[in-house]
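Residue-level listing of the chains:
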Amino acid sequence: MRTQVAIIGGGPSGLLLSQLLHRRGIDTVVLERKTRDYVLGRIRAGILESGFVELMREAGVGARMDAESFTHEGTVIAYGDEEFGINFREHTGTDVVVYGQTELTRDLYDAREAEGGKLVFNVENVVINDADSDAPFVTYTVDGVEQRLDCDYVAGCDGFHGVSRQTIPLTVRREYEKVYPFGWLGILSETPPVHDELIYSWSERGFALCSMRNANLSRYYIQCSLSDSPEDWSDENFWEELKRRIPARHAEALVTGPSIEKSIAPLRSFVTEPMRWGRLFLCGDAAHIVPPTGAKGLNTAASDIHYLDHGLVQFYEEGDAEGIDRYSEKALARIWKAERFSWATTNLLHRYPDQSEFDLKMQQAEIAFLRDSSAAQKVFAQNYVGLPY
Ligand code: FAS
Ligand code: PHB
């Protein structure tokens, strides 16, 4: 089989790239390790920057998002029993959209399948061959049968645990990593959200986040120990701990219910450079990871796809390789700023095991400065709604 762009990974990065390229007549094949239902079963991100929203519309898959999503003009920062709002629209003139990753991935799958997209599921033993030549090809097996896919380019959209990043020799790639000494225990419950905006809460006992997916589907997180497992937390214990970490007025209003999903995500900052090697491009989690505090993971995947889509279209339509030659440089420039914001908000709002009294005072002074300074809130808002592509 032959295609113009082989895409490894059928998550949001791979699907969005496939759909955008298809709209410009560029042929792709998406190779996914799991099944569509398995991919859709993963509960992940919930906040979309305006850049992502525009990309979904450009890809022709924005209709359900536009009909069903929430628009949030701001967010709440809580500390102890106090809280203050940061108004994104006032500071930046724009908002964020609340629409679950599961739903946008579903929309992308539906569009690819409706438009005859070539999606191969349950692939195994994926190997990217001759990426540093002019004739790369991908080998893989399906049902034990060896397959070969010849292509012009390979987009590695296979996430943090995929094979694409490992294809780049250690003599070429440089990795930067910070692992945080805590995780996030998240639950999904069919209950009305506790507030009409998100609540990011610092408390003596640890961080908590009150989020949502729709008017009757809420997403909550509490900072937890890396030694915890979801089984250690009954729903009742989760709700009681969440109530201790948010202001009393919200704790009293909280509607609890059975969890329909419960999982723990470790927190990590990670970047690999460069994001291109020969004819292989890395996109999304295959190249970088952020702690979810700044809601940047999925949104940095989107800006990667924006840059790569534009570069490949420029190449195929104009024969100009400038966009793909500058892909890694442009993507990394925006990624590092998102890494900084995610690292800073994680440090601002989480309790560290080895935190000194002085560290605690610094954290409280930082929150107080954010509360009192319009300039600080403008900086927070600019980063949260998404820096320009
Ligand atoms: P993904 O990991 O989503 O997709 C990669 C795909 O490649 C997967 O479908 C995988 O099955 C497939 N694959 C892997 N290896 C392969 C191989 N060898 N061959 C073929 N296919 C292969 N971001 C936020 O903004 N907010 C959040 O709250 C948030 N929560 C998260 C919770 C968890 C547990 C995780 C892991 C991530 C979370 N993220 C969050 C980040 C997340 O949303 C990612 O940024 C987003 O999934 C990135 O999309 P992709 O780059 O497509 O990678
Ligand atoms: C979510 O709704 O899953 C979510 C929202 C904001 C974040 C992280 C996760 O910063």
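Data block above holds the structure.
Residues numbered from 1 in each chain as written. Chains lettered and ligands numbered in written order. Predicted model: local features only at pLDDT ≥ 70, side-chain atom pairs only at ≥ 80, totals over all residues. Heavy atoms only, no water.

Requested: an account of the site of ligand 2, with residues and values cited.
The immediate surroundings of ligand 2 are formed by 14 residues, with Tyr200, Ser211, Arg213, Tyr221 and Pro292 found nearest. Tyr200 places a side-chain nitrogen or oxygen 2.8 Å from an oxygen atom of ligand 2. At 2.7 Å from an oxygen atom of ligand 2 is found a side-chain nitrogen or oxygen belonging to Arg213. In isolation ligand 2 offers 280 Å² of accessible surface; the protein chains occlude 97% of this area. The set of elements that each furnish at least two residues to the shell around ligand 2 consists of β15 (208-214) and β16 (217-224). (Near = heavy atom within 4 Å. Polar contact = N/O pair within 3.5 Å; in protein donor to acceptor, adjacent residues only side chain to side chain. Areas by Shrake-Rupley, 256 points an atom, 1.4 Å probe, with all protein chains shown as cover. Helix = DSSP H or I, 4+ residues; strand = E, 2+ residues; numbered from the N terminus.)

Just give me the short version of the site of ligand 1, but keep the residues and values in it.
If you check the shell around ligand 1, you find 30 residues, and the closest are Ser13, Glu32, Arg42, Arg44 and Gln101. In the environment of ligand 1, an oxygen atom lies 2.7 Å from a nitrogen or oxygen atom belonging to the side chain of Ser13. The contact in question runs from an oxygen atom of ligand 1 to an N or O atom on the side chain of Arg42, over 2.5 Å. Burial of ligand 1 by the protein amounts to 86% of the accessible area it has alone, namely 990 Å². Secondary structure elements with two or more residues in the shell around ligand 1: α1 (12-23) and α10 (297-318). In the shell around ligand 1, the residues fall into 14 nonpolar, eight polar and eight charged. (Nonpolar A, V, L, I, M, F, W, Y, C, P; charged D, E, K, R; others polar.)

Give a description of the sheet that holds strand β6 (residues 82-87) that names residues and reports values.
One open sheet holds the eight strands; their spatial order is β6-β5-β14-β15-β16-β13-β17-β20, and the pairing between them is mixed. Looking at strand neighbours, the two that pair on one side only are β6 and β20 (288-289), the edges of this open sheet. With 13 bridges connecting them, strand β13 (residues 174-189) and strand β17 (residues 259-273) associate as antiparallel partners. Bridge pairing in β17 links Leu185 to Ile264. Along the sheet, helix α12 (residues 327-349) makes contact with β5 (74-79), β13, β14 (199-202), β17 and β20, crossing β17 at roughly 125°. (Pairing = 2+ DSSP bridges. Contact = heavy atoms within 4.5 Å. Axes fitted to C-alpha atoms, helices over the stretch in contact; angles between N-to-C directions.)

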